[in-house]
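What follows is each chain in one-letter form.
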Amino acid sequence: MYARGAEPLAVGPAPDARRLTCRREVLGLAARTGLIDAYRLAGRPHTLSTTMDAESALLAASFARVRPGARVLDPCVGAGGLLLAAASLGAATLVGVDRDDAAAGAAAARGFDANLAFYGLADGCEASVLCGDCRDPEVVAAAAERAEGGRFDAILADPPYGKREGGMTQRDAAAALAAAAARHLVVGGPCVLRVGID
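Draft legend 1. Region of interest: the overall build of the protein. When its secondary structure is counted, the protein shows seven helices and five strands. In sequence order, the protein lays out its α and β elements as α-α-α-β-α-β-α-β-α-β-α-β. With 198 residues in all, the protein has 47% of them scored as buried. For the protein, the accessible area works out to roughly 9500 Å², and carbon and sulfur atoms hold 53% of it.

Draft legend 2. Just the side chain of Ser 62, in detail. Within the fold, Ser 62 resides in helix α3 (residues 54–63). Taking relative accessible area as the criterion, Ser 62 reaches 10% and is therefore assigned buried. A polar contact of 2.9 Å, which involves the side chain of Ser 62, links it to the backbone oxygen of Leu 58.

Draft legend 3. Region of interest: the pattern of salt bridges. Taken as a whole and judged by the stated rule, the model has four salt bridges. Arg 71 serves as the salt-bridge partner of Asp 153, at 2.9 Å between the closest nitrogen and oxygen. One end of the pair, Asp 153, is in the loop between α6 (137–144) and β4 (154–157); the other, Arg 71, is in strand β1 (residues 71–74), with 82 residues separating them in the sequence. Residue Arg 71 is classed as buried on the basis of its relative accessible area of 16%. A cluster of three or more residues bridged by salt bridges with shared partners is formed by Asp 133, Arg 135 and Asp 172.

Scoring rules and cut-offs
- Residues numbered from 1 in each chain as written.
- Predicted model: local features only at pLDDT ≥ 70, side-chain atom pairs only at ≥ 80, totals over all residues.
- Heavy atoms only, no water.
- Helix = DSSP H or I, 4+ residues; strand = E, 2+ residues; numbered from the N terminus.
- Buried < 20%, exposed > 50% of the residue type's maximum accessible area, 1.4 Å probe, protein only.
- Areas by Shrake-Rupley, 256 points an atom, 1.4 Å probe, with all protein chains shown as cover.
- Polar contact = N/O pair within 3.5 Å; in protein donor to acceptor, adjacent residues only side chain to side chain.
- Salt bridge = Lys/Arg side-chain N within 4 Å of Asp/Glu carboxyl O.

Such coordinate-based values are descriptive only and should not be taken to indicate function.
Here is the structure:
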């Protein structure tokens with residue numbers, strides 16, 4: 001794990017599903033370096049009711065092996081909590097996609113930009129949010145055009161579910177992310193998807 005502007009912090013090899021202690025190691029390291037306290041939701045200028053907490057976002061970014069210079073996609077960006085965690089670990093290109101409602105997308109872009117500026121991360125990366133549905137391959141292809149080479153080093157997602165989000169199910173989200181990863185993720189690049197209980 002890396003904190004932007006700091007020396008790399010070694011947490012061992014890439015996370016392995018059999019290594020249940022990885023979560024404690026990553027979060028312990030993040031707590032010791034102040035990342036969790038610095039990025040708590042209560043201190044952010046912009047959040048939504050569904051914004052992922054700092055601990056979970058940092059854990060997801062760590063599982064995705066986000067490193068300085070990484071190109072990261074969040075196809076269900078919302079307020080940008082996962083991309084903010086990726087930026088704090090040094091990601092250079094951050095691309096988000098938000099619902100196809102133009103007003104919601106514009107609000108997400110303004111809020112995400114405000115969060116990056118608040119934490120002093122705006123100058124260290126290129127960030128953009130596109131309006132569109134992550135289930136639409138053309139929208140995801142447009143997002144990939146913003147990454148060098150049209151590929152991402154990691155995909156992070158905490159998709160919305162249920163009636164509130166246009167009926168997207170976990171299966172819909174997983175299928176959309178698998179398609180995005182197949183087309184726009186570097187070979188061997190991680191795709192970290194947070195799932196809830198439908």
